[in-house]
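# Structure at a glance
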Amino acid sequence: MNQPLWGIDLGGTKIEGVILPSLVDPKPILRTRIDTQATKGYQHIVQQIYTLVQQMKDQSGLLPSSIGFGTPGVLDPVLQTMKNCNSTALNGMPLYRDLEAALQLQIVLANDANCFALAETHWGIVKEKAPEARLVFGIIMGTGVGGGIVMEGKIWNGRHGIAGEWGHNFLDDSGGPCYCGKSGCVETILSGPALQRYYKTITGNDLSLKQIVSNYGSGNDVAAKDTIHRLNHFFGKAVSVVTNLLDPDVIVVGGGVGNISTIYSDGLLSLNHFIFNNTVDVPILKPSLGDSAGVFGAAALVA
Ligand SMILES: [Zn+2]
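Residues numbered from 1 in each chain as written. Predicted model: local features only at pLDDT ≥ 70, side-chain atom pairs only at ≥ 80, totals over all residues. Heavy atoms only, no water.

Our focus in this paragraph is the coordination of the zinc ion. For the zinc ion, the protein coordination sphere consists of H168 (ND1), C178 (SG), C180 (SG) and C185 (SG), at 2.0 to 2.4 Å. One can describe the site at the zinc ion as tetrahedral: its four donor atoms subtend angles covering 106 to 116° at the metal. Residue C178 is classed as buried on the basis of its relative accessible area, which comes to 10%. (Donors = N, O, S within 2.8 Å, 3.2 Å for Na, K, Ca; no water. Tetrahedral: all angles 85-135°; square planar, octahedral: opposite > 155°, others 65-115°. Buried < 20%, exposed > 50% of the residue type's maximum accessible area, 1.4 Å probe, protein only.)

Moving on: the layout of surface pockets. A volume near 1300 Å³ is recorded for the largest pocket. As for the largest pocket, its lining consists of 40 residues, of which P72, N86, D112, A113 and I140 are closest to the centre. Secondary-structure elements contributing two or more residues to the lining of the largest pocket are β1 (5-10), β2 (14-20), α3 (112-122), β9 (145-151) and α10 (293-300). Of the residues contributing to the lining of the largest pocket, the split by class is 14 nonpolar, 17 polar and nine charged. (1 Å grid on protein atoms, 1.4 Å probe; cavity = no way out; pocket = protein on both sides within 12 Å on 5 of 7 lines; lining within 4 Å. Points joined across faces, edges and corners; volume = space filled by probe spheres on them. Helix = DSSP H or I, 4+ residues; strand = E, 2+ residues; numbered from the N terminus. Nonpolar A, V, L, I, M, F, W, Y, C, P; charged D, E, K, R; others polar.)

Ranked by size, the top nonpolar core spans 30 residues in total, and within it I139, M141, W166, L190, I251 and V253 carry the most contacts. Those elements that place two or more of their residues in this core are β8 (135-141), β9, α5 (187-190), α8 (222-246) and β11 (250-254). Setting aside chain neighbours within four positions, we find M141 in contact with W166, L190, F235, V253, G254, G255, G256, V257, G258 and I263. Core analysis: the second largest hydrophobic core is formed by 27 residues, L5, A110, C115 and A130 among them. (Core = buried A, V, L, I, M, F, W, Y, C linked by side-chain atoms within 4.5 Å. Contact = heavy atoms within 4.5 Å.)

A few words now on the pattern of salt bridges. A full pass over the atoms with the stated rule returns seven salt bridges. Salt-bridge contacts for E16 lead to R31; the nearest nitrogen and oxygen are separated by 2.6 Å. Residue E16 is found in strand β2, and its partner R31 is found in strand β3 (residues 30-35); the two are separated by 15 residues along the sequence. (Salt bridge = Lys/Arg side-chain N within 4 Å of Asp/Glu carboxyl O.)

Further remarks concern the confidence of the model for the protein. Mean pLDDT over the protein: 95, with 100% of residues reaching 70 or higher. Confidence, read as mean pLDDT per element, is least for strand β5 (residues 74-75) in the protein (88) and greatest for α8 (98). (pLDDT = per-residue confidence, 0-100.)

Scanning the model with the defined rule gives two aromatic pairs in all. Here W123 and F296 contribute two aromatic rings whose centre-to-centre distance is 5.8 Å and whose plane-to-plane angle is 80°, an arrangement assigned as edge-to-face. Remark: F296 occurs in helix α10 and W123 occurs in the loop between α3 and α4 (125-129); sequence separation between them is 173 residues. Both residues of the pair, W123 and F296, belong to the buried class. Ring plane angle 80° and centroid distance 6.2 Å describe the contact between F137 and W166, whose orientation is recorded as edge-to-face. Taken together, the positions of F137 in strand β8 and W166 in the loop between β10 (154-155) and α5 put the pair 29 residues apart, joining distant regions of the chain. (Phe/Tyr/Trp six-rings, centres within 6.5 Å; stacked < 30°, edge-to-face > 60°.)

Attention now moves to the packing of helix α6 (residues 192-203) against helix α7 (residues 209-218). Interaxial distance between α6 and α7 falls to 9 Å at its minimum, and their mutual angle equals 60°. In terms of their interaxial angle, α6 and α7 are classed as oblique. In this structure, the crossing between α6 and α7 has a hand that is left-handed. Every residue of α7 that contacts α6 at G192, L195, Q196 and Y199 is listed here: L209, I212 and N215. Counted by class, the contact of α6 with α7 contains four nonpolar, three polar and no charged residues. (Axes fitted to C-alpha atoms, helices over the stretch in contact; angles between N-to-C directions. Parallel < 35°, antiparallel > 145°, perpendicular 65-115°, else oblique. Left-handed = near helix turned anticlockwise from the far one by under 90°.)

Below, the structure is given as structure tokens:
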């Protein structure tokens, strides 16, 4: 069946919508966006989504039978409410039920790391470099650290809806407290803000991640060197846990921290050290879809 695929990516500042012809033809029929205006509260966000869908119908002349949604957190499969959203207005809210009621059609929700992994699998770097992959692990290392598992082309959600959430695996006490209520999570060490915080504890200086990486490159900032070595070391250690458990065919690394080239060299050596195998064979790839991965992955949910 070649029903067009409707996807919506619910972001903190923008809600983006796309209509794609099909899984084999991802050239958008329509792509549009609206401000989230999250400060106006949960009901307003639902209203904005409704408005966006009306606009998409008007502009395309099409009617969706279902829509995939990428969300910042996850839907708790038992409670049927949202959790772990950095857009906090959504937490504790029955987003699935409310969207279904507002839009009067079938909807599918997935968190943005899952959408990222799904889009890169079907249309991005996995399709290009590892098309035979059956198990894909998609990583986002940016402001937070998340992940998604795509098995045989489909998202694996898990019983609690948290499958792939390696960002809150325990990594090391030195990471300190995490917003999730635990301590020493992967996110407290490998996220962009965590690396900046580490640099600041050594130097007292607030530097952007970009600046830290640039100082590391210039070679005479010892604290920058320390920070990047810490990233490489713990990247390998954290990914080894996932690799020992899932043994994915390919790993895709997105987010700002994923752009730091040393994780693909020294980080890989660290992985080699910690993995339960003599060598690391799994390709670790940079994504190819950029900002589009979220909304494209949302559309892939209904394929
Ligand atoms: Zn945590």
